[in-house]
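Listed here are the chains, written in short residue letters.
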Amino acid sequence: MTSSPEESRTPEKSVESLVLHATDNHVSWITLNRPEALNAITPDQRERLIQLFSDASADPAVRAVVLTGTGRGFCTGADLRGGGQNTAGERVAGDVARVIRLGAQRLIGAVLDCEKPVVAAVNGTAAGLGAHLALACDLVLAAESARFIEVFVRRALVPDGGGAYLLPRLIGPQRAKELMFFGDALTAPDAERMGLANRVVPDADLHKTAREWAERLAAGPTRTLALTKQLVNASLDSDRTTAFAAEATAQEINMTTADAREGVASFVERRNPRYSGS
């Protein structure tokens, strides 16, 4: 007996299965799970990622976030084949800019604005939007097999997803232009030397190291880390007077937290601090 087309069609996977999420020891683990597509992101996945970063900010039980992927790719960018993005045909003026603003830029903004420290555990190729997704994280761990590729120029596309904002601030304009003009793959050791990755580790040690870093962050003063992240990110667009004023205000706010009081008390009492995240 032959099956009908409806019966033989492969069931669509739920977005929850394509972006895995678990919270363990105050760490929110977010895992892209489309290994067959090298974790190219569909619109549904993008929206789930944005929501998960927003949830992490609001959840007092979450004190650090790890973003990683399954298989050979960390993320190879937006899914231009099956993700519902129209890349050909007649366009209405403003459509492309609107898609970028509401899509890739919202995703990168969700990472930059997350109130918890975010660690990227780059397990494989990070290309295009996928590279920018990693670079928007606060700390970048790269497996030895990882590669970073500014792939846009290979398709005659302008970098999007915040690339022209992020890269010059991380490595300077000349190196950023080199990567964006040529689109060459950057190995993990080269990315570390250029300042795009904090640490390169053997592939087998990536998950373990990411867990160690995230749990160390999760045991820290959560609000202090959030304020520090905001200060550093804002300083890149500020003059000295504005940056100094923001620093003083942040310290004023920080000193109202329980963790700041605990930090000072533990110093005076010569003991290890016990931070609660509040």
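Refer to the structure above for everything that follows.
First, a word on scope: everything that follows refers to the structure included in this document.

Here is what the cut-offs are and how they apply
- Residues numbered from 1 in each chain as written.
- Predicted model: local features only at pLDDT ≥ 70, side-chain atom pairs only at ≥ 80, totals over all residues.
- Heavy atoms only, no water.
- Helix = DSSP H or I, 4+ residues; strand = E, 2+ residues; numbered from the N terminus.
- Expected span 1.5 Å × (residues − 1).
- Buried < 20%, exposed > 50% of the residue type's maximum accessible area, 1.4 Å probe, protein only.
- Salt bridge = Lys/Arg side-chain N within 4 Å of Asp/Glu carboxyl O.
- Patch = residues over 30% accessible without salt bridge, like charges linked within 9 Å, V, L, I, M, F, W, Y side chains within 5 Å.
- Areas by Shrake-Rupley, 256 points an atom, 1.4 Å probe, with all protein chains shown as cover.
- Lys, Arg positive; Asp, Glu negative; His and termini not counted.
- Charge placed at Lys NZ, Arg CZ, Asp CG, Glu CD.
- Polar contact = N/O pair within 3.5 Å; in protein donor to acceptor, adjacent residues only side chain to side chain.
- Contact = heavy atoms within 4.5 Å.
- 1 Å grid on protein atoms, 1.4 Å probe; cavity = no way out; pocket = protein on both sides within 12 Å on 5 of 7 lines; lining within 4 Å.
- Points joined across faces, edges and corners; volume = space filled by probe spheres on them.
- Nonpolar A, V, L, I, M, F, W, Y, C, P; charged D, E, K, R; others polar.
- Pairing = 2+ DSSP bridges.
- Axes fitted to C-alpha atoms, helices over the stretch in contact; angles between N-to-C directions.
- Core = buried A, V, L, I, M, F, W, Y, C linked by side-chain atoms within 4.5 Å.

## So, helix H3 (residues 43-58)
Line of reasoning, step 1. With 16 residues, H3 should reach 22 Å at 1.5 Å per residue; the first-to-last C-alpha distance of 23 Å fits that figure.
Line of reasoning, step 2. Residues of H3 that are buried include every one of Gln45, Arg46, Arg48, Leu49, Ile50, Leu52, Phe53, Ala56 and Ser57, and no others.

## Observations regarding the pattern of salt bridges
Line of reasoning, step 1. Considering all chains together, one arrives at 12 salt bridges under this definition.
Line of reasoning, step 2. For the salt bridge of Glu47 with Arg106, the shortest nitrogen-to-oxygen distance reads 2.8 Å. A residue pair is termed long-range when its members are at least 10 positions apart, and Glu47 in helix H3 and Arg106 in helix H5 (residues 104-113) qualify at 59 residues.
Line of reasoning, step 3. Exposure remark for Glu47: the relative accessible area of 32% places this residue in the partly exposed category.
Line of reasoning, step 4. Residue classification places Arg106 among the partly exposed positions, given a relative accessible area of 32%.

## Considering a positive patch on the surface
Line of reasoning, step 1. A cluster of like positive charges, contributed by Arg81, Arg147, Arg154 and Arg155, occupies part of the molecular surface.
Line of reasoning, step 2. Among the structural elements, Arg147 can be located in strand E8 (residues 147-149).

## As for the side chain of Ser57
Line of reasoning, step 1. If you trace the backbone, Ser57 turns up in helix H3.
Line of reasoning, step 2. For Ser57, the side chain forms a polar contact with the main-chain nitrogen of Glu115, separated by 2.9 Å.
Line of reasoning, step 3. When neighbours within four sequence positions are excluded, Ser57 is seen to be in contact with Asp113, Cys114, Glu115 and Lys116.

## Here's the deal with the environment of Ser28
Line of reasoning, step 1. In this structure, Ser28 sits in strand E2 (residues 27-32).
Line of reasoning, step 2. Taking the C-alpha atoms as reference points, Ser28 and Gly94, 66 residues apart in sequence, are found 36 Å from one another.
Line of reasoning, step 3. The contacts of Ser28, once residues within four sequence positions are left out, are His21, Ala22, Thr23, Val62, Ala64, Val65 and Val66.
Line of reasoning, step 4. Reaching out from Ser28, the side chain makes a polar contact with the side chain of His21 at a distance of 2.9 Å.

## So, empty space enclosed by the protein
Line of reasoning, step 1. Evaluated as defined, the whole model comprises one cavity of 30 Å³ or more.
Line of reasoning, step 2. Here the largest cavity defines a volume of roughly 50 Å³.
Line of reasoning, step 3. In this structure, the largest cavity is lined by Ala131, Leu135, Phe148, Ile149, Glu150, Leu167, Leu179, Asp184, Leu186 and Leu196.
Line of reasoning, step 4. For the lining of the largest cavity, the secondary structure elements donating two or more residues are helix H6 (129-135) and E8.
Line of reasoning, step 5. Within the lining of the largest cavity, the residues separate by chemical class into eight nonpolar, no polar and two charged.

## Overview of the pairing of strand E5 (residues 118-122)
Line of reasoning, step 1. For E5, a buried count of five out of five residues is recorded, marking the element as mostly surrounded by other parts of the structure.
Line of reasoning, step 2. Here strand E3 (residues 64-69) runs beside E5; their pairing, made up of three bridges, is parallel. Residue pairing in the sheet places Val65 in a bridge with Val118 of E5.
Line of reasoning, step 3. Taken together, the four bridges between E5 and strand E7 (residues 139-143) define a ladder with parallel strand orientation.

## Observations concerning the sheet that holds E2
Line of reasoning, step 1. Spatially, the six strands line up as an open sheet ordered E1-E2-E3-E5-E7-E10, and their pairing is mixed. Each edge of the open sheet carries a strand with a single partner, namely strand E1 (19-24) and strand E10 (199-201). Taking the axes of each pair of neighbouring strands and ignoring which way they run, one obtains an average angle of 20° across the sheet.
Line of reasoning, step 2. Against the sheet, helix H10 (residues 206-218) engages E1, E2, E3, E5, E7 and E10, with an angle of about 165° to E7.

## Things to note about the layout of surface pockets
Line of reasoning, step 1. Taken as a whole, the second largest pocket encloses approximately 530 Å³ of empty space.
Line of reasoning, step 2. Every element with two or more residues in the lining of the second largest pocket is listed here: E7, helix H7 (163-171) and helix H11 (222-235).
Line of reasoning, step 3. A total of five residues in the lining of the second largest pocket trace back to one element, the largest contributor, which is H11.
Line of reasoning, step 4. Tallied by class, the residues present in the lining of the second largest pocket amount to 16 nonpolar, four polar and four charged.

## Things to note about the nonpolar core
Nonpolar side chains tend to gather and get buried jointly when the protein is soluble and globular.
Line of reasoning, step 1. Core analysis: the biggest nonpolar cluster contains 48 residues, and Phe53, Val122 and Phe148 have the highest contact counts within it.
Line of reasoning, step 2. Not counting chain neighbours up to four residues away, the residues in contact with Phe53 comprise Ile30, Val65, Leu67, Ala110, Val111, Cys114 and Val118.
Line of reasoning, step 3. With 15 residues, the next largest nonpolar core counts Ala64, Val119, Ala143 and Val201 among its residues.

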